[in-house]
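# Architecture at a glance
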Amino acid sequence: MTIRFVLLVNKQGQTRLAQYYEYLTIDERRALEGEIVRKCLARSENQCSFVEHRNYKIIYRRYASLFFLVGVDGEENELAILEFIHCVVETMDRYFGNVCELDIMFHLEKAHFMLEEMVMNGCIVETNKVNILTPIQLMDKSS
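To keep things clear, this report deals only with the structure shown in the data block. (Residues numbered from 1 in each chain as written. Predicted model: local features only at pLDDT ≥ 70, side-chain atom pairs only at ≥ 80, totals over all residues. Heavy atoms only, no water.)

## Digging into the overall build of the protein
The line we're drawing: Helix and strand assignments come from DSSP, with helices taken as H or I runs of at least 4 residues and strands as E runs of at least 2, each series counted from the N terminus. Restricting the calculation to C-alpha atoms gives the radius of gyration, and the globule rule supplies 2.2 Å times the number of residues raised to the power 0.38. Between buried and exposed lies partly exposed: a residue is buried under 20% and exposed over 50% of the maximum accessible area for its type, with that area taken using a 1.4 Å probe on protein chains only. Here a residue-residue contact requires only that any non-hydrogen atoms of the pair lie within 4.5 Å. Using a 1.4 Å probe, accessible areas were evaluated by the Shrake-Rupley method; residue-level cover was limited to the displayed protein chains.
Across its full length, the protein holds 5 helices and 7 strands. Walking the protein from its N terminus toward its C terminus, one meets helices and strands in the order β-β-α-β-β-β-α-α-α-β-β-α. By the compact-globule yardstick of 15 Å for 143 residues, the protein fits well, its C-alpha radius of gyration being 15 Å. Based on the C-alpha atoms only, the size of the protein along its principal axes is roughly 45 × 30 × 30 Å. Residues classed as buried in the protein amount to 42% of the 143 residues present. Long-range pairs, those at least 24 residues apart, make up 49% of the contacts in the protein between residues at least 6 apart in sequence. Carbon together with sulfur atoms contributes 49% to the accessible area of the protein, which is approximately 7,800 Å² in total.

This is the structure in structure tokens:
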């Protein structure tokens, strides 16, 4: 599996979390995020959650006020990535208690830690919520 990036975006199109697994300059990232966010947010709920953009396949899902967007290679399995997005949301829900935009804004480093536990170099390496949250809970106890 090759995940190129993960974005969490609010309904107004503001990026709340961005994690890239390939090198892009800041300007390239800004342009890419703007194009993708406009394209995904303009779609209706009746349309499928898969969009092709440039050389990426974008899989997205809306949970409450947040859009979770994942950019992958063209040959990636869309349903597996939708399941990954759901796993990310369930993990964040377990930690934050019904994750919302403010949780991401005020605990950005924890959200990044969760993603880093789940994805390494664009490959999904962990989906067990207990294994993902244990290091974060240990950090909470020590501080």
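From this point, the narrative continues.
## Thoughts on the packing of helix α2 (residues 78-96) against helix α4 (residues 108-118)
Selection criterion: Interaxial angles span 0 to 180 degrees and are taken between N-to-C directions of axes, which are lines fitted to C-alpha atoms, for helices over the stretch in contact. Throughout this description, any angle smaller than 35 degrees is read as roughly parallel, any larger than 145 degrees as roughly antiparallel, any in the 65 to 115 degree range as roughly perpendicular, and the remainder as oblique. In this scheme, a crossing is called left-handed if the near helix is turned counterclockwise away from the far one by less than a right angle; it is called right-handed if the turn is clockwise. Residues are grouped as follows: Ala, Val, Leu, Ile, Met, Phe, Trp, Tyr, Cys and Pro are nonpolar; Asp, Glu, Lys and Arg are charged; every other residue, Gly included, is polar.
At a closest axis distance of 11 Å, the pairing of α2 and α4 adopts a crossing angle of 135°. Classified by the angle their axes make, α2 and α4 are oblique. Handedness of the crossing formed by α2 with α4: right-handed. Of the residues in α4, those touching α2 at Phe84, Cys87, Val88, Thr91, Met92, Tyr95 and Phe96 are Lys110, Ala111, Met114, Leu115 and Met118. For the contact of α2 with α4, the residue count by class is 10 nonpolar, 1 polar and 1 charged.

## Some details on the side chain of Lys57
For clarity, the threshold we go by: Throughout this description, a polar contact denotes any pair of N or O atoms lying within 3.5 Å of each other; where both atoms belong to protein, one of them has to be capable of donating a hydrogen while the other can accept it, and for residues adjacent in sequence the pair is counted only when both atoms sit in side chains.
Within the element layout of this structure, Lys57 appears in strand β4 (residues 56-63). A residue is classified by how much of its surface remains accessible, and Lys57, at 8% relative accessible area, is buried. Of the polar contacts made by the side chain of Lys57, one reaches the backbone oxygen of Gly74; its length is 2.6 Å. Engagement of the side chain of Lys57 in a polar contact is seen with the backbone oxygen of Glu76, the distance being 3.2 Å.

## Section: a nonpolar patch on the surface
Going by this rule: In this scheme, patches are assembled from residues that exceed 30% relative accessible area and form no salt bridge. Like charges are connected within 9 Å, while nonpolar side chains (Val, Leu, Ile, Met, Phe, Trp, Tyr) are connected within 5 Å. By convention in these notes, a salt bridge is any Lys or Arg side-chain nitrogen within 4 Å of a carboxyl oxygen on Asp or Glu.
On the surface, Leu102, Met105 and Phe106 cluster together into a nonpolar patch covering about 330 Å² of accessible area. Mapping Phe106 onto the fold places it in helix α3 (residues 101-106). Relative accessible area serves as the criterion here: at 60%, Phe106 is assigned to the exposed category.

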